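One-letter residues, chain by chain:
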Amino acid sequence: MVDRMSGTQTIEVVNALPPEVHLIGDLDLANRDSMTSICLGYNEPVLIVDMSGLTFMDCSGYGALVAARATLEQRGQTMNLVGATGQPPRPMQPIADLG
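Residues numbered from 1 in each chain as written. Predicted model: local features only at pLDDT ≥ 70, side-chain atom pairs only at ≥ 80, totals over all residues. Heavy atoms only, no water.

**Student:** Before we go on, may I ask you to explain the overall build of the chain in this structure?
**Tutor:** Helix and strand counts for the chain stand at 3 helices and 5 strands. Secondary structure elements in the chain, listed N-terminal to C-terminal, are β-β-β-α-β-α-β-α. Summarising the internal contacts of the chain: among those between residues at least 6 apart in sequence, 70% fall at separations of at least 24. A total of about 5,200 Å² of accessible surface is found on the chain, and carbon and sulfur atoms cover 55% of it. (Helix = DSSP H or I, 4+ residues; strand = E, 2+ residues; numbered from the N terminus. Contact = heavy atoms within 4.5 Å. Areas by Shrake-Rupley, 256 points an atom, 1.4 Å probe, with all protein chains shown as cover.)

**Student:** Would you mind going over the packing of helix α1 (residues 32-40) against helix α2 (residues 59-74) with me for this structure?
**Tutor:** A pair of packed helices can be characterised by two numbers: the angle between their axes and the separation between those axes. Where α1 meets α2, the axes come as close as 9 Å, and the angle between the chain directions of the two elements is 20°. As far as their axial angle goes, α2 and α1 are roughly parallel. Relative to α2, α1 is oriented so that their crossing is right-handed. Residues Arg32, Met35, Thr36, Cys39 and Leu40 of α1 pack against Ser60, Ala64, Leu65, Ala68, Thr71 and Leu72 of α2. (Axes fitted to C-alpha atoms, helices over the stretch in contact; angles between N-to-C directions. Parallel < 35°, antiparallel > 145°, perpendicular 65-115°, else oblique. Left-handed = near helix turned anticlockwise from the far one by under 90°.)

**Student:** Mind showing me how you'd approach the nonpolar core here?
**Tutor:** In a soluble, globular protein the nonpolar side chains are often hidden away together inside. The biggest cluster of nonpolar side chains holds 20 residues, and the ones touching the most others in it are Val21, Leu23 and Met35. When contributions to this core are tallied by element, the ones reaching two or more residues are β2 (9-14), β3 (20-27), α1, β4 (46-57) and α2. (Core = buried A, V, L, I, M, F, W, Y, C linked by side-chain atoms within 4.5 Å. Buried < 20%, exposed > 50% of the residue type's maximum accessible area, 1.4 Å probe, protein only.)

**Student:** Is there a simple way to think about the pairing of β3 in this case?
**Tutor:** Looking down a regular strand, the side chains alternate between one sheet face and the other. Across the 8 residues that make up β3, a large majority, 6, are buried. Summarising the sheet, β3 and β4 pair through 7 bridges and their orientation is parallel. Bridged to histidine 22 within β4 is aspartate 50. For the segment spanning β3, α1 and β4, crossover handedness is right-handed. (Pairing = 2+ DSSP bridges. Right-handed = clockwise from strand over helix to strand, strands pointing away.)

**Student:** Help me out: how do you make sense of the side chain of histidine 22 in this one?
**Tutor:** Within the secondary structure, histidine 22 sits in strand β3. On the basis of relative accessibility, which here comes to 17%, the residue histidine 22 falls in the buried class. A polar side-chain atom of histidine 22 sits 2.9 Å from a polar atom in the side chain of glutamate 20. Of note is the side chain of histidine 22, whose polar atom sits 3.5 Å from the side chain of aspartate 50. Here histidine 22 is in contact with Thr10, Ile11, Glu12, Val14 and Asp50, once residues within four sequence places are set aside. (Polar contact = N/O pair within 3.5 Å; in protein donor to acceptor, adjacent residues only side chain to side chain.)

**Student:** I keep staring at α2 and nothing clicks. Help me out?
**Tutor:** Owing to its 3.6 residues per turn, the α-helix brings residues three or four apart onto one side. When the terminal C-alpha atoms of α2 are compared, their 22 Å separation across 16 residues agrees well with the 22 Å that a helix rising 1.5 Å per residue should span. Residues of α2 that are buried: Ser60, Gly61, Tyr62, Ala64, Leu65, Ala68, Arg69 and Leu72. Just downstream of α2 lies glycine 76, where phi reads positive at about 80°. (Expected span 1.5 Å × (residues − 1).)

Shown next, in the form of structure tokens:
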């Protein structure tokens, strides 16, 4: 399934166990709420978020990932971020350190 987002962002949801959400393009203010809704729509114990297709992420994108992860953890679930390269992962270390 592919969910087209506004701007230059696409989210691809891979029907697998654990489910995988592939972020492609930009993650910013224009599409953070849609990404959060998709991530929080799962009830499996683990959600994989593949960031290998991200080319840009602003502070609202980072904030959305932090908020989604916190909500999932409150529900007893885990969000694993994988594949971050280039610009997006630089500020990601503090988020990874929360886990």
